Amino acid sequence: MAEVEETLKRIQGQKGVQGIIIVNSEGIPIKTTLDNSSTVQYAGLIHQLVMKARSTIRDMDPQNDLTFLRVRSKKNEIMIAPDKDYFLIVIQNPSD
Amino acid sequence: MSTSVAKLEKKKRRELVLRPSSGAINVSVSGLHGSTRRPNSVVASYSGRYFSVIGGSKMLEKSAIQAPRQAVRVFDEGNNDVTPRPLYQVAPGAVQAKASWFFVEEIPGGSASDQTSTTGGLIMPFFRSVLGSSRISTQSTIESMNEEIENTFSKQDMPINLPDVQKKREIVKEQVTEEMLKDIIDVYLSETSTISLLDIPNTFVSADADDAKAIIERNSQYAEVCRNRMGSHKYVDHSVQTVNGAAKNKQVQSDSITMVDAATAASSLKDMGVFGSSLNAESDLQLILSSEKFQHCFLVMERSILRNAFQPKLAAYRQLPVLEDPDSPVRPGTVEQRKEDIENSRSPALKCLWAFSCELSRGRSVSSMAWNKKNLDLLAVGYGELHSSNQKPGLVCCWSFKNLMWPERVIHCDSAVTSLDFSSNNPSQLAVGMHDGTIAVYNVQSQINISHVISSSKCPDKHLGPVWQLRWTQTELSLIEEQVESLSSVSADGRICKWFVFISDLNCTELMKLERVHNKKKKAGGNGTEKKSVLSELTPGLCFDFHPLDSGLYLVGTWEGLIHKCSCSNSQQFLQTYRKHFCPVNCIAWCPLSPELFLSCSSDWTIQLWKQDHCSPVLGFSSTQGAVYDIKWCPKWATVFGAIKEGQLEIWDLSANILDPVIVQPAAPGVTMKSLLFHTQSDCILVGDSAGHVTVYQLKNLRARESNQVNILEGLISSAASRQFCKTQPDKNRSIPTA
């Protein structure tokens, strides 16, 4: 557990990382480094996005599954690692 | 009338007289159920077909199918003869079939009055039910039959000869004994007479039949009659009421179907609190965080983030074109810097990409580095203070190029690490040599149980001094015809040992003892007697290198400054000794591309290039004042090598300049460089220093990029060698071949 906390701190301290959110399977954020409203917004919107992405992958090939999702935008990049029990969301701005 | 006739007949046959409340003759029907006793109701004989079911052949049943020899007479209170009359008169020669398998069913009688006229038809199929209801049905049937017998006439025109089951005696259960089982029982199978269950005479006759003519005539007659019917007086309309059969109610009960109500409610995200501070969320978090998949997830995420952050540098390392990020905001300072870069891009330079360092390694000096043989992105770095008096416990970190900020594996060792090597046969095994002479082999597959597989700490022959170099070599045994790997080490106690695994411990055999070789000039004048020196006979070995092609041949550099060429098969003598250095030889390296050459560097500030069969070096290089600690050939270009001096890194390119290094990179202030490693595939160099950083540099603009480097090198060597033999001639035109 301590190791996990340490890793979390390390990621947080990387260059350009703006926030980390961990969401459980019901869509409730259980750990976050951002403020309340942003967290809720991110969690809700990203949940839908991931569901859509996952269904897309599975429709193409039912044996396949989504492992990682990266959304690159003008201002930052959102990286999502989905799983059936949780989502890990990291927002980074690499050019900072 | 016929009834009375029957009665008379019956009277003849009567033998038994029954009174009420007298013991009754047992009546049993089914062989399965044994006997039943029933007072007050006896059936003397009843007609019908009785088929009894006999389950197994174990029970011998005497189905008493007899003609009613003994008649039973029943009298009521008023002494009236109320003996039921038989419904069926058995023909004297009735066949008594032995019952083997019969089906018994029951069609119970309905009300007596209805069956007056049709008794005959109904009696015929008189069945008994198979299972337990036989007793009850027997009773009911008997009672109904009692009624019927008064009113009916016995059937005498039964076309079929039926076996008659009259009053049955108690079925005796014979005990089945062992002997009986062994008896051979004859089973007679016989065919019953054909039972017609349904007979619908056909209404069509073939035209070819014999009586076809008669039938046709009759048909025509009938048609005539029908036609005449209307006006004829012969026919009268009359109505008739048909007899409706009695309806019977039957009830069925099935298993009940249970229904369960279940309901669930879906809630939207907005209804939930944001930070579910309930216990549920907390435990969820703990569960998730400690799961293995999450760790892996974290790993991938961290690498992605880092790759984003270091993207240009990693691209340069991997020799991919560095793409400009179109969205990054352009800062005014950077534009000018880029212009500068373009101007200075002609001369060879080192570009610093990044440095591997973490909290664990800060402050520790890098002592050795090694690439993994299989995964070329994995690097093992050993940390340990080599020359200081206070020995901190050593550390080995395995760094990956995918994660630049934190090592993949961390191993804490007991004493300072002095040398490392990865195995080629088992790529996850890392051999670590330490300052106290111990050699340990670790399995770096997983971080969780990273422990040494084997260690030489218990070996009695272990090294007594620091293990300065380790190497895994592959020897091909002709018998097995496969590459066998063995670990060799050279240490400060003057021995070169080859290690093998012996009962889960490392054990060694000695390859060579490095004996002190005294100066021959002094000895020549001596009288041949050797004085025993007070000092130990062995001199510390500092480095060794195996020949790239022949793994039985190796070079050793000693503290005395001598380089010995030795063979694995000869542990007594050196094959050849190369003398030039007068200070300890710090490193030796065979040239990987040209196997005849090797380089040596020493604390006497020089680097020497040797050819294998020449006793004196072909070329010597010296630049600034400073001991040379490490030297390595560039694996890609044969004329390039790197050397680490105390305060700087030097890159020499022999095709450009043999007097001076092409690139000189000074170390950061206060830090001394310790170790050097070339990357096998790209043009990057890794330098480890005493502050615990491993810096990655990229070589830029080296002119040596053509493929015929080896030829150039060899040309150089040969020209240099020839110059040596012609020492008297001054070298005026030193030819510097250009690429």
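Along each chain, the written sequence defines residue order, and numbers are assigned to residues from 1. Both sets of labels track the order of writing: A upward for chains, 1 upward for ligands. In keeping with the predicted nature of the model, local features appear solely for residues at pLDDT of at least 70, side-chain atom pairs appear and are counted solely at 80 or more, and the whole-chain, interface and lining totals rest on all residues. Only hydrogens and water are set aside; all other atoms, that is, all heavy atoms of the structure, feed into the side-chain values.

Under an unreviewed UniProt entry, the name given to chain A is Dynein light chain roadblock, and the source organism is Monopterus albus. UniProt positions are given in the numbering used here, feature names are shortened, and annotations may be inferred rather than shown by experiment. The record in UniProt for chain A states the following under Subcellular location (unreviewed entry): "Cytoplasm, Cytoskeleton".

Quick look at the confidence of the model for chain B now. Residues and elements named next belong to chain B. Confidence of the predictor at the level of single residues is given by pLDDT, which spans 0 to 100. Across chain B, the average pLDDT comes to 70, with 64% of residues at or above 70. Helix numbers and strand numbers start at the N terminus; a helix is a DSSP run of H or I with at least 4 residues, a strand a run of E with at least 2. Here helix 10 (residues 520–524) stands out as the element of chain B with the lowest mean pLDDT, 39, in contrast to strand 20 (residues 585–590), whose mean of 89 is the highest. It only takes one pair of heavy atoms within 4.5 Å for two residues to be counted as in contact. Confidence over residues 1–15 falls short of pLDDT 50; this stretch has 28 contacts with residues more than four positions distant or in other chains. Here the predicted complex carries an ipTM of 0.77, next to a pTM of 0.57.

We now examine the packing of aromatic side chains. All names here are of chain B. The rule is short: rings of Phe, Tyr and Trp, with Trp giving its six-membered ring, pair when the centres are within 6.5 Å, and they are stacked under 30 degrees, edge-to-face over 60, tilted in between. Scanning all chains against the criterion turns up 15 aromatic pairs over all chains. Taking the centre distance of 5.9 Å and the plane angle of 85° together, the rings of Trp 354 and Phe 356 count as edge-to-face. For the pair Trp 354 and Phe 356, a shared accessibility class is recorded, and that class is buried. A centroid spacing of 5.2 Å and a plane angle of 40° characterise the contact between Phe 546 and Tyr 554, whose relative ring orientation is tilted. By relative accessible area, which is 7% here, Phe 546 ends up buried. Burial status follows relative accessibility: with a 1.4 Å probe on protein chains alone, a residue under 20% of its type maximum counts as buried, one over 50% as exposed, and anything between as partly exposed.

Our focus in this paragraph is the pattern of salt bridges. The working definition used for a salt bridge is a side-chain nitrogen of Lys or Arg within 4 Å of a carboxyl oxygen of Asp or Glu. Throughout the structure, instances matching the rule amount to 12 salt bridges over all chains. Across the salt bridge formed by Asp 85 of chain A and Lys 84 of chain A, the nearest N and O atoms sit 3.6 Å from each other. Its salt-bridge partner being Lys 373 of chain B, residue Asp 421 of chain B comes within 3.3 Å of it at the nearest N-O pair. In this pair, Asp 421 of chain B is assigned in strand 8 (residues 417–422) and Lys 373 of chain B in the loop between strand 4 (366–371) and strand 5 (378–383), connecting sequence segments 48 residues apart. Judged by its relative accessible area of 7%, Asp 421 of chain B falls in the buried class. Judged by its relative accessible area of 41%, Lys 373 of chain B falls in the partly exposed class.

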